[in-house]
Amino acid sequence: MGDLQIKKESKKYDAVIVGSGAGGGMAAYVLANAGLKVCLLEAGPMFDPKKDSNQLRNPWESPRRGAGTRFRPFGDFDGCYWGWEIDGEPYTQTGKGPWKWEWWRARMLGGRTNHWGRISLRFGPKDFKRKSIDGLGDDWPIGYDDIKPYYDKIDRLLGVFGSNEGLENDPDGIFLPPPKPRLHELFIKRAATGIGIPVIPSRLSILTKQINAERGQCFFCSQCGRSCKVYGDFSSSSCLVIPSLKTGNVDLITNAMAREILCDKEGLATGVSYVNKTDMKEYQVSGRTVILAASACESARLLLNSKSPRYPNGFANGSGVAGKYLHDSTGADMGGIIPELFDRKRYNEDGVGGMHIYSPWWLDNKKLDFPRGYHIEYGGGFGMPLYGFYWGIEELNGAYKINGKQKEAGGYGISLKEDYRYLFGSHIGMAGRGESIAREDNYCEIDPKVVDKYGIPVLRFNTSYTDYEINQAKHMSETFSEILHAMGAIITYGKDNGPKNNYGLHNPGNIIHEAGTVRMGNDRKRSVLNKWSQAHECKNLFCVDGGPFVSQADKNITWTILALSMRTSEYIVDQMKKQNI
Amino acid sequence: MDRRESIKSIIIGGLTISALAEACNAPDKKGAATDHPNVLARRTFDFNRMPEELEHFNRIKDLIFFNEAEMATITILADIIIPRDNVSGSATDAQVPEFFQFIVNDMPEHQAPLRDGIKWLDDQCMNRYKRPFKDCRGYEQMEIVDLIAWPDRVKDKPKLAPGVAFFNLMRNLTATAFYTTEIGVKDIGYIGNTPNQWNGVPDDVLAHYKLAYSERELKECAHYS
C-alpha cells in the first residue's frame, strides 16, 4: 500500500480510479466489495484521520496560533492539504470580465472530504427538472426517483443526522437524531421563524449515535474540519477508502498525478498515465474501465489533455462540452453581535463541527427577481480562540455599554481585558449558499501556454455571474439584515453589501462546490456522459465527481456525488457481469 | 539556567508597566540579548505537517526581524495593552513579544506596518521628549499612547492617523497572541476542546434567557446519559 510502483506491462485492473475523494472513494468501495480489482490513483499522500488528524490540539500548540497558510488556508490544524494555491501547479484566467474563478484543490487521500462541512442534503424532485420549471439551464436525464434508493443506502452506510419535515423539495432521509440547538441558535430560530423563515435541524454526516464497530460516536469537539480520529464523521479516507483497502482488492498509489487517459484504436479507454511525484517519472496503469473522480475541473482537464487521433478534441469530447457549464454555489455572508448574549455564563457548547440548525429555501421564485433559491447556514457562540480572535475590537468596544458603562472605542489595559471577556460568545454569522445557473460560457479550458511542474498543461478559467446571481445575493443580504434586526443584533460584517460589491457575492469557485464540467444528458451533442455517468463516446469511461452535474441545486453537492457514484459503480459491476464492458 | 531560559529572563523579565519606569531610567541594559532568538519557533511541531509546511517552517524559524530596540518597544506596548490584573497575567507572561518575532516572518505583511509604526512612535517621542519611546519615562509613554489608543478622539487629526493604525494593529496582534495561550484561554473562559456529550443548553441558562426547547426537540434530539 502506498508506494507501489507499476510498470507499463503490469497487471490489468478491472478499474482505474483517478482521485480518492467522495466520488472516487465510493467507487473504490463499491467495486472492491463486489470483488473487482481496483487501482486507485491519488495525487497527494496517504492520510488516515485516526493517526493524522490535528483534533483536540490547543491554539498555543501552533506557533501561528491556528492561522491559515497557503498550505492550509482554513487554518493550521485544518484537515486539508493545500487549497487555493498549490506550489508548482498554477491555473490561469481568461481575464474577460471582473470575475475570477477561485479553485480549491486538495492533495491527499480522501481529498477535501477530510475537512468539509459535512452538510449532507439530498437534492429534491424539482432540482432535477429546473428547466421545465423556469426555462433556464437543462433538466437532468434522471429524476429524484432514480437516485432516492442510493440516498437511502448512503444514509445508512455513512450516517447523517437530521429530522424528517415532509418538505416537498428537501426530501426526508434515514436520519440519526440531531443535536439540540445551541443558545445562539435558539435566538436565531426564534427570530427567523418570527419573520416567516423556516429553521430546522441541520443535516450533517456526523454520528450522534454509533452505526458500526469501525466508527466511533461523535464526542462533540466541533472540530470536524480537522478530520476525526474516531471516524465520527464522514470522510472518504476513513469511511470508504481505508475500509476498501481491507478487502485486499484495491491497490492505492499515492503521489500519483494523472496526466492522460490512454486509449486503443477503437477509442476504448485502456488505462491512465501518471507522474510519480516522488521520482518524477511517468508510469502507466491499465484497466478494463477508467473512472474519473479527480474533481469536476481536474476530470475535465484530464479529458481535454487526452488528445489522440481518435479524440482530437479531448477524450470522449466530440460534443466539445467538456469543461463547459462550470458552476459553483453562490455565497454571501453577514454577521453581528447580539447584546443579549453579552457577559454570558461559560460552559462547553462546542457541539458538532458545524451548525445544529439551518434554513432550507422557503420562497417561490415566481414572485422574485431571480431564479433558484438558497439555504442559510448559521454560526456563532463560544469558539476556540485562534489567530484573529476579536480582531477589530476597536469597532466594538465603544459601541455598547460594557458592564453598564459606556466606554470609548479602542483603549488598552485592564479595562480592555474586561471588554474581551464581556463580548466573548456574543457573535453570530450567516452564510447564504444558493444555486447559480450552469451556463455554456462559464468554462475551463487548457491554457496553451502554461504547464505545471509535472509538465501537464494547466486549466484556464472563464467564469462570470449575471444579474440572476447578483439579485439572489441581494436577497440574501436583505434577509440576513432582517433576521439580525429581529434579534436586536448589531451587524459587524457584511453591512456594506450593496451594488458596489455585488451584495457580497463571492467569486465563483469560492464556495468550493465545483460542478458541471463533464455533464450528463440524453443528447450526446450537448453532454459528455449519459444518465449513468458513462461517456457517450466511450463505454468504459465514467466520471463520478461533481463533473456529471447538470445543475447543483441550493444544496451542498457531496451527498449527491456519493449517491451518483454509488449508482454508477453498481451499474459498472452489473455491466461487467453481463460482459457489456 | 540554560541559554534559552536566560535569554527569556532578560527579554521578558520585569517588563510589566510598573517596572518599566524604573527600567527606562537605567539607560544601559544591553548585553546578551543582541541575538534575540525566535523562541516560539524553536518549539518542534509534534502534529501533522506536510513536508512543504515543514520546509517553510524551517526556513523562517531562525529569522530575526525585530532588533533589540524594536523588541523592547513591542514588549512595553504589549504589556500596556494586556497588563496583569486580578484574573490573569500580562502579555509578557504569555510570551506575546516572542509571538511578534515569529509571526512577522510567517506573515511578512505585518513587517512594514509594525516597523514603520515603531519608527513613527519614536519620532514623536524624540520631538516631544528627546528620547525614543522605550527610553521615555512611564508617564511620557502613557501620554503618547493616549494620543493614539482612542480612535474616536482623533478622527479629525490626520497627523495621528499612522499612530492610530499602528496601535490598532498592536492591540489586535497582542490580543490574538495573548488569548491563544493557556493563560489567555483560561482568562476568556473557553472551556471546550475536550470530549463530552452535548445535551443542550444548561437548564439555568435557558431559564435566564426565558427560553425552552420545544416538545419535539426534547423528544427527537440526541440525548445522552
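Everything that follows concerns the structure shown earlier in this document.
Owing to the predicted nature of the structure, the values given are computational and were not obtained by experimental measurement. (Residues numbered from 1 in each chain as written. Chains lettered and ligands numbered in written order. Predicted model: local features only at pLDDT ≥ 70, side-chain atom pairs only at ≥ 80, totals over all residues. Heavy atoms only, no water.)

(A) Geometry of the packing of helix α6 (residues 111–129) of chain B against helix α7 (residues 138–148) of chain B. Residues and elements named next belong to chain B. Here α6 crosses α7 at 125°, and the two axes come no closer than 11 Å. In terms of orientation, α6 lies oblique with respect to α7. In this structure, the crossing between α6 and α7 has a hand that is right-handed. Side by side, α6 and α7 meet where W120, L121, Q124, C125, R128 and Y129 of the first sit next to E140, E143, I144, L147 and I148 of the second. When its residues are assigned to classes, the contact of α6 with α7 shows seven nonpolar, one polar and three charged. (Axes fitted to C-alpha atoms, helices over the stretch in contact; angles between N-to-C directions. Helix = DSSP H or I, 4+ residues; strand = E, 2+ residues; numbered from the N terminus. Parallel < 35°, antiparallel > 145°, perpendicular 65-115°, else oblique. Left-handed = near helix turned anticlockwise from the far one by under 90°. Contact = heavy atoms within 4.5 Å. Nonpolar A, V, L, I, M, F, W, Y, C, P; charged D, E, K, R; others polar.)

(B) Geometry of the sheet that holds strand β3 (residues 92–93) of chain A. All names here are of chain A. Spatially, the three strands line up as an open sheet ordered β3-β16-β15, and their pairing is mixed. Here the strands that pair on one side only, and so sit at the sheet edges, are β3 and β15 (443–451). Both β3 and strand β16 (residues 457–462) contribute to a ladder of two bridges, which runs parallel. Bridge pairing links Q93 to F461 in β16. Each of β15 and β16 is contacted by helix α7 (residues 296–305), which is oriented at about 60° to β15, the strand it contacts most. (Pairing = 2+ DSSP bridges.)

(C) Broad picture of the packing of aromatic side chains. Here the structure, examined in full by the defined rule, presents 43 aromatic pairs over all chains. Judged by centre distance (5.5 Å) and plane angle (85°), the rings of F47 of chain A and Y81 of chain A are edge-to-face. Here Y81 of chain A lies in the loop between α2 (49–52) and β3 and F47 of chain A lies in the loop between β2 (38–41) and α2, a separation of 34 residues in the sequence. Assessed through its relative accessible area of 0%, F47 of chain A is described here as buried. Each ring, one from F382 of chain A and one from F424 of chain A, has its centre 5.1 Å from the other, and the planes form 40°; the classification is tilted. Taken together, the positions of F382 of chain A in the loop between β11 (374–380) and β12 (401–402) and F424 of chain A in the loop between α8 (413–423) and β14 (427–434) put the pair 42 residues apart, joining distant regions of the chain. The class of F382 of chain A is buried, set by a relative accessible area of 6%. Three or more aromatic residues link up through ring pairs in this structure, and these residues are Y347, F382, F389, Y390, Y420 and F424 of chain A together with F178 and Y179 of chain B. Note that R190 of chain A overlies the ring of F187 of chain A, its terminal NZ or CZ placed 5.3 Å from the centroid. (Phe/Tyr/Trp six-rings, centres within 6.5 Å; stacked < 30°, edge-to-face > 60°. Buried < 20%, exposed > 50% of the residue type's maximum accessible area, 1.4 Å probe, protein only. Lys NZ or Arg CZ within 6 Å of the ring centre and 35° of its normal.)

Distances and angles like these do not, on their own, reveal function.
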